[in-house]
Structures are given as C-alpha cells and as structure tokens.
Amino acid sequence: MSPSWIFALLLLLPSLVDAAEPRRKSGEHASLPLNGREVYVRSCAMCHSTGAGGAPRLGSGEDWAERAKKGPAELMVSVLRGKGGMPPKGGNASLTRVEAYLALDYMLNVEK
Ligand code: HEC
C-alpha cells in the first residue's frame, strides 16, 4: 500500500464510522429516542402497562386480539388522533410520527 492510500483511509475512516451511527440532530432533539421500546416507556407505558382507563395492556394477547384485526394502519390513526381515553399521541404532542409508529410497532410485536 502506498503512503497516499493510508492517508486516504485515515481521512475516510471517521466518516464511515459516523455513517454507521444513527443520525442524531443537535439541539432540542439531541436525545431523540429512536427505539420503539424507549418511546413506549416514556409516552405509553403509564396507561398501557396497567390498562388504566381501559387501555389494552402491553403483552396481553387477550386485550389486543380484536384491535389487532384492524391492522397497523388503522391503529396508527387511533394513536395520532387519539381514541376514547387516549389523547392524540398518548398526550405527548412532541412525538414525531415515526416515534409514535415505533412505539406502536413495539406494542404490537412484543412477546405475548
Ligand atoms: C393517557 C393514557 C394513554 C396513553 C399515555 C396512551 N394510551 Fe393508547 N390507549 C389508551 C386507552 C384508554 C385506549 C383504549 C381506547 C378505546 O378503545 O376507547 C388506548 C388504545 C390504544 C390503541 C388501540 C387503538 C384502537 O384503535 O383500538 C393503540 C394502538 C394505542 N393505544 C397505542 C398507544 C401508543 C403507541 C401510545 C404512546 C405513544 C399510547 N397508546 C399512549 C390510553 C393511553
């Protein structure tokens, strides 16, 4: 390997490592959770772990059986608009659609 090759590699390496990391914006979204479980814990668990107000409980096949038949798209509409005792986005207006979807996906796919 010629010296210029090594130099080019050294220059490239940090950007390759950087590209492998999930993008995180600076500023107000610095701690943006990009993981469905994290979003769930922060914004959904207070109702969905206990079933407060009739919320379908996490991991309860019985609670989810009928609702799951609607399919994720319709359930997502409920999450974004709110339903019954659930305010829009579970009351966390700062959630992005992607975060809300990740939480829904986590809830639907968690071990039953
Ligand atoms: C303040 C309590 C509360 C929070 C916080 C909350 N939910 Fe709910 N959720 C409910 C209740 C109550 C229902 C049952 C609503 C009904 O069917 O009348 C419900 C229902 C749902 C349903 C089923 C909707 C349907 O169409 O059957 C989904 C999916 C759901 N929640 C996802 C979420 C997600 C994702 C979050 C977090 C981003 C969240 N919820 C946060 C109370 C809450």
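Residues numbered from 1 in each chain as written. Predicted model: local features only at pLDDT ≥ 70, side-chain atom pairs only at ≥ 80, totals over all residues. Heavy atoms only, no water.

S.K.: Looking at this model, I keep getting lost on the packing of helix 2 (residues 36-43) against helix 6 (residues 97-109). Mind explaining?
M.R.: When two helices pack together, you describe them by how their axes are tilted relative to each other and by the distance separating the axes. Where helix 2 meets helix 6, the closest approach of the two axes is 7 Å, and the angle between their N-to-C directions is 95°. The angle between helix 2 and helix 6 falls in the class roughly perpendicular. From helix 2, Gly36, Arg37, Val39 and Tyr40 reach across to helix 6, where they touch Glu99, Leu102, Ala103, Tyr106 and Met107. Of the residues contributing to the contact of helix 2 with helix 6, the split by class is six nonpolar, one polar and two charged. (Axes fitted to C-alpha atoms, helices over the stretch in contact; angles between N-to-C directions. Helix = DSSP H or I, 4+ residues; strand = E, 2+ residues; numbered from the N terminus. Parallel < 35°, antiparallel > 145°, perpendicular 65-115°, else oblique. Contact = heavy atoms within 4.5 Å. Nonpolar A, V, L, I, M, F, W, Y, C, P; charged D, E, K, R; others polar.)

S.K.: Even after reading the chapter, I still don't get the site of the ligand, so can you show me in this structure?
M.R.: Around the ligand, the surrounding shell holds 26 residues, and the nearest of these are Cys44, Cys47, His48, Ser78 and Met86. Between an oxygen atom of the ligand and a side-chain N or O atom of Arg67, the distance comes to 2.7 Å. Measuring from an oxygen atom of the ligand, one finds a side-chain N or O atom of Lys70 at 2.6 Å. Where the shell around the ligand is concerned, the elements lending two or more residues are helix 3 (45-48), helix 4 (61-68), helix 5 (72-81) and helix 6. Taken together, the residues that form the shell around the ligand break down as 14 nonpolar, eight polar and four charged. (Near = heavy atom within 4 Å. Polar contact = N/O pair within 3.5 Å; in protein donor to acceptor, adjacent residues only side chain to side chain.)

S.K.: Any chance you could explain helix 6 here in plain terms?
M.R.: Think of an α-helix as 3.6 residues a turn; residues three or four steps apart then line up on the same face. Here helix 6 spans 18 Å end to end across 13 residues, near enough to the 18 Å set by a 1.5 Å rise per residue. Along helix 6, the residues classified as buried are Glu99, Ala100, Ala103, Leu104 and Met107. End-on view of helix 6: buried residues confined to an arc of 140°, all on one side of the axis. The exposed residues of helix 6 that point more than 90 degrees off its buried face are Arg97, Val98 and Asn109. Looking at the buried residues of helix 6, the elements they touch are helix 2, helix 3, helix 4 and helix 5. (Expected span 1.5 Å × (residues − 1). Buried < 20%, exposed > 50% of the residue type's maximum accessible area, 1.4 Å probe, protein only. Arc of directions from axis to C-beta.)

S.K.: Looking at this model, I keep getting lost on the packing of aromatic side chains. Mind explaining?
M.R.: In this description, an aromatic ring pair is defined by two values, namely the gap between the centres and the angle between the planes. In this structure the tally under the stated criterion is one aromatic pair. When the ring of Tyr40 is compared with that of Tyr106, the centres are 5.5 Å apart and the planes differ by 50°; the resulting orientation is tilted. Of the two residues, Tyr40 is situated in helix 2 and Tyr106 in helix 6; the sequence distance between them amounts to 66 residues. Taking relative accessible area as the criterion, Tyr40 reaches 4% and is therefore assigned buried. (Phe/Tyr/Trp six-rings, centres within 6.5 Å; stacked < 30°, edge-to-face > 60°.)

S.K.: Looking at this structure, I do not really get the coordination of the iron atom of the ligand. What am I missing?
M.R.: For a metal with four tetrahedral donors the ideal donor-metal-donor angle is 109.5 degrees, whereas six octahedral donors ideally subtend 90 or 180 degrees. Summarising the metal site, the iron atom of the ligand is bound by the protein donors His48 (NE2) and Met86 (SD), whose distances to it range over 2.0 to 2.1 Å. One way to put it: the six donor atoms around the iron atom of the ligand meet at angles of 83 to 180°, and that makes the site octahedral. A residue pair is termed long-range when its members are at least 10 positions apart, and His48 in helix 3 and Met86 in the loop between helix 5 and helix 6 qualify at 38 residues. (Donors = N, O, S within 2.8 Å, 3.2 Å for Na, K, Ca; no water. Tetrahedral: all angles 85-135°; square planar, octahedral: opposite > 155°, others 65-115°.)

S.K.: Honestly, the side chain of Lys89 in this entry has me stumped. Any pointers?
M.R.: Position of Lys89 relative to the elements: it lies in the loop between helix 5 and helix 6. Nearest to the buried, unbridged Lys89 among oppositely charged side chains is Glu99, at 7.4 Å. From its side chain, Lys89 meets the backbone oxygen of Leu95 in a polar contact 2.6 Å long. Leave out the neighbours within four places in its chain, and Lys89 touches Val79, Leu80, Leu95 and Thr96. (Lys, Arg positive; Asp, Glu negative; His and termini not counted. Salt bridge = Lys/Arg side-chain N within 4 Å of Asp/Glu carboxyl O.)

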